[in-house]
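Listed below are the residues making up each chain.
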Amino acid sequence: MSSERAALIVARAEELAGLSEEVGALTRRYGSQALLDALALAERWMREAGLATRRDAIGNLIGRLEGERPGLPALALGSHLDTVRDAGRWDGPLGVLLAIDQAAARSGAGDSADACPSADAGPSADAGRRRALPFALEAVVFADEEGLRFPTAYLGSHVWAGRWDAAELALTDADGVTLEAAIRAMGGDPARVGEGARNPGELLGWCEAHIEQGTRLERAGLPLAVVTTIQGQSRCTATFRGQAGHAGTTAMDARRDALLAAAEWALGVEAKGLAGDGLVATVGRLSVEPGAVNVIPGVAVASLDLRHPDDATRHAAVASLAALAQAIAASRGVTVDWAQHTDNAAVAFSPRLQELLGQAVEETTGSAAPRLASGAGHDAAPLSRSTDVSMLFVRCKGGISHNPAESVSGDDVAAAVAAVDRFVDLLAAAERSIARE
Ligand code: HGY
Ligand code: MN
Ligand code: MN
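Residues numbered from 1 in each chain as written. Chains lettered and ligands numbered in written order. Predicted model: local features only at pLDDT ≥ 70, side-chain atom pairs only at ≥ 80, totals over all residues. Heavy atoms only, no water.

The manganese ion (ligand 2) binds to the protein through His80 (NE2), Asp91 (OD) and His210 (NE2); the donor distances cover 2.1 to 2.2 Å. Site description for the manganese ion (ligand 2): donor spacing in sequence, H-x10-D-x118-H. Metal-to-metal, the separation of the manganese ion (ligand 2) and the manganese ion (ligand 3) is 3.6 Å; Asp91 coordinates the two. Here His210 lies in strand β5 (residues 203-211) and Asp91 lies in the loop between β3 (74-80) and α3 (93-107), a separation of 119 residues in the sequence. Across the pair, exposure class does not vary: Asp91 and His210 are buried alike. (Donors = N, O, S within 2.8 Å, 3.2 Å for Na, K, Ca; no water. Helix = DSSP H or I, 4+ residues; strand = E, 2+ residues; numbered from the N terminus. Buried < 20%, exposed > 50% of the residue type's maximum accessible area, 1.4 Å probe, protein only.)

If you want it as C-alpha cells, here you go:
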C-alpha cells in the first residue's frame, strides 16, 4: 500500500535528518562527511531496492534498473541530499526517497502490495507480477544543488547537462578550500568531471518530486501539483573596499566605511525588488573585515540572489544593481568589485511529461492537479538543456522551507507515491504505443 511505502519514506527522512555537520542544526555541504554519510545510506537503500549503483566524478550517485532490455534510455527520478544551513528534512530527500521507493516497487525488491502493475496489464494485473518497463529507471542524487559552500548552484546536475567548465576547479569556499580539493574529499576525480555529462539519447526525461516551498497547495487544500516552469536566477557578489580605521579617533566625515556602502546597496536591492513586478532580490550573506567592534570596516562582501520569470527583466535588474553599487561606492569614496557567478535561464518544462504527471495526479487523488510555476530553483533547471524535465510539487506545512520547521504529512507522501506509480505506468504505456507505431 502507498501508505506503508510512505511510512518507510518518512522514517528514512528522519534517519537522513540525523546526518549533519553541525550539532543542533541540519547542515550538509558538498564535500562534508555528513553528505558522504547521507550518500552512503542512500546507496545502501538503492542496492536494497535492486539497483546497480555508481558515483560519477563530481560525486553524483546513480542507481539504475534496466528496462525490458539493457541499455534503454532512462527515466531519471531523484533530487539532492546537500542542504542549506540549518535546513529542513524534506528539501531534497523527498525526491530522493520517492525515487528509491519507485525503483524498489518496479524491481520487486520493495515487496509492495500494489507494486505498480504496468498500465497495459490492466487493473487485474497480479500485484506481484512486474512487467519490465520500456525504459530504464535511474534513481539519482545530485551531489550539490544548493551551492551553500561554493558560489555555484546545481553543481552536480550542471555536469549531467554538459555545462561543466574545468575553470570551476579553482573556485574556493569561505576558507579558501578549492572545489578541486572538495571533489577529492567526495571521492571524485577532478580530471574526469566532464565525463559525467549525459548524452541526450541516454535520458528519456527527468521527474523530481519536491516540497512546494510555498502555500499555494495548502491554500487550495490539495496535496499535489505539476510544475510548469522555474524562474530564472542570477547569483552575484559585490565586494566593497574602503579603509579600515580606528573607531575612536576617525571623524565621521573622514571615513570610507565599506559596510555602510554595502548596507546602502542592500537597501537599494530591496527597493528594486519591491518595485519590480514579480522580481525577488535577496542579500543573503554579508561578510565584514576585519570584523572587530572597534575598527571601521575596510571590506564588505555582499551576495545577491535575484530571480524573475522573464530573463530579459532579470538581466536588466542585475545590470541596474551593478550600476547602483558603483554609484554608491563612488559617493562614499570606496571601490566595488562586481562578480557574476551564475546565470540560470527560466526553464520550460516538458508539456508531454506535465500532461502525463497531471493525469497521474488527477487519477490517483481524484482532485485537480494545479499547474504551478516554481519560485525556487531545482536541478531540473540545468537538466532542461539536455532532456525533458518535469516536477511534482508536494504540499508542505505553512509553505515553510530552508528552515528546520519543514514538514510534510504522511498522507501527502502516500499521495505522491501513488502519483509517481501512475506516472511511470502512463509513460510506459505511451512509450509502448510509440514503439508499436
Ligand atoms: O535557491 C533555491 O531556490 C534552491 O533551494 N536551491
Ligand atoms: Mn531543493
Ligand atoms: Mn533548497
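With that settled, consider the coordination of the manganese ion (ligand 3). The protein atoms donating to the manganese ion (ligand 3) are Asp91 (OD), Glu146 (OE) and His402 (NE2), with metal-donor distances spanning 2.1 to 2.2 Å. Look at where the donors of the manganese ion (ligand 3) fall in the sequence and you get D-x54-E-x255-H. Residue classification places Glu146 among the buried positions, given a relative accessible area of 10%. On the basis of relative accessibility, which here comes to 42%, the residue His402 falls in the partly exposed class.

Now for the pairing of strand β15 (residues 371-374). On β15, burial follows the alternation: Leu372 and Ser374 on one face are buried, whereas Arg371 and Ala373 on the facing-out side are not. As judged from the four bridges shared by strand β6 (residues 224-230) and β15, these two strands associate in the parallel manner. Looking at the pairing, Val227 lines up with Leu372 of β15. (Pairing = 2+ DSSP bridges.)

With 75 residues, the main nonpolar core has Tyr30, Leu81, Phe135, Trp164, Leu392 and Phe423 as its most contacted residues. When residues of this core are assigned to their parent elements, the largest contribution, 12 residues, is made by helix α11 (residues 410-436). Contact partners of Tyr30, with chain neighbours within four places excluded, come to Leu35, Ile58, Ala143, Asp144, Arg149, Phe150, Leu155, Leu179, Ala182, Ile183 and Met186. Counting residues in hydrophobic clusters, the runner-up holds 25 residues, among them Ala74, Ala76, Val347 and Ala381. (Core = buried A, V, L, I, M, F, W, Y, C linked by side-chain atoms within 4.5 Å. Contact = heavy atoms within 4.5 Å.)

Attention now goes to the domain arrangement of the protein. Along its sequence, the protein is organised into domain 1 (2-230 + 347-436) and domain 2 (232-344). The C-alpha centroid of domain 2 is placed 35 Å from the C-alpha centroid of domain 1. Contacts between the two partners involve 12 residues from domain 1, matched on the other side by nine residues from domain 2. Of the roughly 720 Å² buried between domain 1 and domain 2 on both sides combined, carbon and sulfur atoms contribute 36%. For domain 1, the biggest contributors to the area lost against domain 2 are Pro151, Ala153 and Tyr154; these three give 44% of the whole. (Domains from an automatic or database assignment. Buried area = accessible area lost by both parts, 1.4 Å probe.)

This part covers the site of ligand 1. Neighbouring ligand 1 are Glu145, Glu146, Arg235, Arg307, Ala376, Gly377 and His402. The separation between an oxygen atom of ligand 1 and a polar main-chain atom of Gly377 is 2.7 Å. Side-chain polar atom of His402 to an oxygen atom of ligand 1: 3.0 Å apart, as the coordinates give it. Across the complex, the protein chains shield 94% of the 210 Å² of accessible surface that ligand 1 would expose by itself. Classifying every residue of the shell around ligand 1 gives one nonpolar, two polar and four charged. (Near = heavy atom within 4 Å. Polar contact = N/O pair within 3.5 Å; in protein donor to acceptor, adjacent residues only side chain to side chain. Areas by Shrake-Rupley, 256 points an atom, 1.4 Å probe, with all protein chains shown as cover. Nonpolar A, V, L, I, M, F, W, Y, C, P; charged D, E, K, R; others polar.)

This next bit is on the pattern of salt bridges. Charged atoms that come close allow side chains of opposite charge to pair. In total, this model carries 27 salt bridges according to the counting rule given. Between Arg64 and Glu66 there is a salt bridge, with its nearest N and O atoms 2.7 Å apart. Judged by relative accessible area, which is 18%, Arg64 ranks as buried. Since its relative accessible area comes to 38%, Glu66 is described here as partly exposed. Salt bridges here are not isolated pairs; linked through shared partners, they connect Arg64, Glu66, Glu138, Arg198 and Glu202. (Salt bridge = Lys/Arg side-chain N within 4 Å of Asp/Glu carboxyl O.)

Another point: the environment of Asp311. Mapped onto the elements of the fold, Asp311 is located in helix α8 (residues 311-332). Measuring from C-alpha to C-alpha, the distance between Asp311 and Val389 comes to 19 Å, with 78 residues separating the pair along the chain. Apart from residues lying up to four places away in sequence, Asp311 is in contact with Gly232, Ala345 and Ala346. At 3.0 Å, the side chain of Asp311 and the side chain of Arg314 are in polar contact.

Attention now goes to the pairing of strand β7 (residues 232-241). When you tally the buried positions in β7, you get nine out of 10 residues, the bulk of the element. Judged from the 10 bridges that link them, β7 and strand β12 (residues 299-308) form a sheet pairing that is antiparallel. Counted as the bridge partner of Arg235 is Asp305 from β12. Judged from the nine bridges that link them, β7 and strand β13 (residues 335-344) form a sheet pairing that is antiparallel. Its bridge partner lying in β13, Phe240 is registered against Val336.

As a further point, take the side chain of Ser79. By the secondary structure assignment, Ser79 is in strand β3. A polar atom in the side chain of Ser79 sits 2.5 Å from the side chain of Glu208. Excluding its chain neighbours within four sequence positions, the residues that come into contact with Ser79 are Gly92, Gly95, Val96, Val140, Val141, Phe142, Trp206, Glu208, His210 and Asp379.

Overall, the coordinates contain four aromatic pairs when judged by the stated rule. Consider the rings of Phe142 and Trp160, whose centres lie 5.1 Å apart with planes at 85 degrees: the pair is edge-to-face. With Phe142 in strand β4 (residues 136-142) and Trp160 in helix α4 (residues 155-160), this pair connects stretches of sequence that are 18 residues apart. Using a relative accessible area of 1% as the deciding quantity, one classes Trp160 as buried. The interplanar angle of 55 degrees and the centroid separation of 5.3 Å between the aromatic rings of Phe142 and Trp206 together place this pair among those described as tilted. Remark: Trp206 occurs in strand β5 and Phe142 occurs in strand β4; sequence separation between them is 64 residues. Judged by its relative accessible area of 1%, Trp206 falls in the buried class. Joined through ring pairs, the aromatic side chains of Phe142, Trp160 and Trp206 make up one cluster. Lying across the ring of Trp160, Arg198 places its NZ or CZ 4.6 Å from the centre. (Phe/Tyr/Trp six-rings, centres within 6.5 Å; stacked < 30°, edge-to-face > 60°. Lys NZ or Arg CZ within 6 Å of the ring centre and 35° of its normal.)

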